[in-house]
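# Structural overview
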Amino acid sequence: MEGIRGKSAGVSALTLAYRFAPRRRRNGLQEQREELLLPEAVQVINPDVTAAEAIADLKTLPRWMYVLLMISAPVMGLVFALRGPRAFLDEDLVVEDLPSTLRAEMLADDPVEHAMTDRRDQRLLDALGEIHAERGAEPIRVAIVYGAGHVPAIVSGLRNRHGYRPREAEWLTVLTPV
């Protein structure tokens, strides 16, 4: 299950929208809480980064970009909370093989996106690799409760590392109220 561990002012600023969005029922978002999404007996693994690691990854960006992100994120969070998820989530977060709009194409290789997801995707794939090593011979089901932006890395990583191909998926609209 996705979720940056620990606290920091920077991560709190970046996740402001997640805390406000589920409070308004019209947003139609599902809270990302284990007890709401998974049966009680299911083991939950959280291979995500710590808050300190997340901020360290963002600080690899050019300084101006990091400062702009930290200033604009809370403002975008408030707009998200007031206008709902459609303010930002419509077409930019659709996961397709190829970007479907010019804006999506420009965002596809965005340095901010890489700073926010690359290490996290690697940790997730490592955790899935451990599950594969331990239980790969058994017919088990694994739920991956991560955002849609992580799906391309998951699909290609599991294919390249272990030869897996997607057969079934269940999509939920999920955000965490941090």
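Along every chain, residues carry numbers that run from 1 in the direction the sequence is written. Side-chain atom pairs in this predicted model are given and counted only at pLDDT of 80 or more, local residue features only at pLDDT of at least 70, and totals for whole chains, interfaces and linings cover all residues. Hydrogen atoms and water are omitted, and side-chain values are computed over all heavy atoms in the structure.

So, on to the overall build of the chain. A count of helices and strands for the chain gives eight helices and two strands. Along the chain, from the amino end to the carboxyl end, the secondary structure elements read α-α-β-α-α-α-α-α-α-β. Counting the 178 residues in the chain, one finds 29% classified as buried. Sequence-distant contacts in the chain: of pairs separated by 6 or more residues, those separated by 24 or more amount to 80%. Where accessible areas are quoted, they stem from the Shrake-Rupley method and a 1.4 Å probe; at the residue level, only the protein chains shown are allowed to cover. As presented, the chain carries roughly 12,100 Å² of accessible surface, and 55% of it is formed by carbon and sulfur atoms. What counts as a helix is a DSSP run of H or I of at least four residues, what counts as a strand is a run of E of at least two, and both are numbered from the N terminus. Only protein chains enter the accessibility calculation, which uses a 1.4 Å probe; a residue whose area is less than 20% of its type maximum is buried, one above 50% is exposed, and one in between is partly exposed. Two residues form a contact once any of their heavy atoms are found within 4.5 Å.

Here the axes come from fitting lines to C-alpha atoms, over the contacting stretch only for helices, and the angles between their N-to-C directions go from 0 to 180 degrees. Interaxial distance between helix 7 (residues 111-135) and helix 8 (residues 151-162) falls to 10 Å at its minimum, and their mutual angle equals 45 degrees. Classified by the interaxial angle, the pair formed by helix 7 and helix 8 is oblique. With respect to the hand of their crossing, helix 7 and helix 8 are arranged in right-handed fashion. Of the residues in helix 8, those in contact with Asp121, Gln122, Leu124, Leu125, Asp126, Leu128, Gly129 and His132 of helix 7 are Ala153, Ile154, Gly157, Leu158, Arg161 and His162. Oblique is the label for any angle not covered by the other classes, which are roughly parallel (under 35 degrees), roughly antiparallel (over 145) and roughly perpendicular (65 to 115). Should the near helix be turned anticlockwise from the far one by less than a right angle, the crossing is left-handed, and should it be turned clockwise, the crossing is right-handed.

Without a salt bridge and with relative accessible area above 30%, a residue can belong to a patch; like charges are then joined within 9 Å and nonpolar side chains (Val, Leu, Ile, Met, Phe, Trp, Tyr) within 5 Å. Salt bridge criterion: a side-chain nitrogen from Lys or Arg within 4 Å of a carboxyl oxygen from Asp or Glu. The grouping of Ile140, Val142 and Ile144 at the surface amounts to a nonpolar patch, some 200 Å² of accessible area in total. Of note, isoleucine 140 is situated in the loop between helix 7 and helix 8. A relative accessible area of 32% places isoleucine 140 in the partly exposed class.

Turning our attention to the environment of arginine 120. Tracing the backbone shows arginine 120 in helix 7. A residue is classified by how much of its surface remains accessible, and arginine 120, at 11% relative accessible area, is buried. Along the chain, arginine 120 and isoleucine 4 lie 116 residues apart, while their C-alpha atoms are 8.9 Å from each other. Not counting residues within four places of it along the chain, the set of residues in contact with arginine 120 comprises Glu2, Gly3, Ile4, Asp48, Val49 and His150.

As a further point, take helix 4 (residues 51-58). Each full turn of the α-helix corresponds to 3.6 residues, which orients residues three or four apart in the same direction. Of all eight residues in helix 4, six are buried; the element is thus mostly enclosed. For helix 4, the complete set of buried residues consists of Ala51, Glu53, Ala54, Ile55, Asp57 and Leu58. On the buried face of helix 4, the contacting elements are helix 1 (9-14), helix 5 (63-83) and helix 7.

A helix is expected to reach a length of 1.5 Å times the quantity of its residues less one. Taking 1.5 Å per residue as the helical rise, helix 8 with its 12 residues ought to reach 16 Å, and the 16 Å between its terminal C-alpha atoms agrees with that figure. Turning to helix 8, its buried residues number three or more, namely Ile154, Gly157 and Leu158. Looking down the long axis of helix 8, one finds its buried residues gathered within 95 degrees of arc, a one-sided arrangement. Looking at the packing, one finds that the buried side of helix 8 touches helix 7. Looking one or two places after helix 8, you find glycine 163, whose phi comes out positive at around 80 degrees. Each C-beta atom gives one direction from the helix axis, and the arc is the one those directions make.

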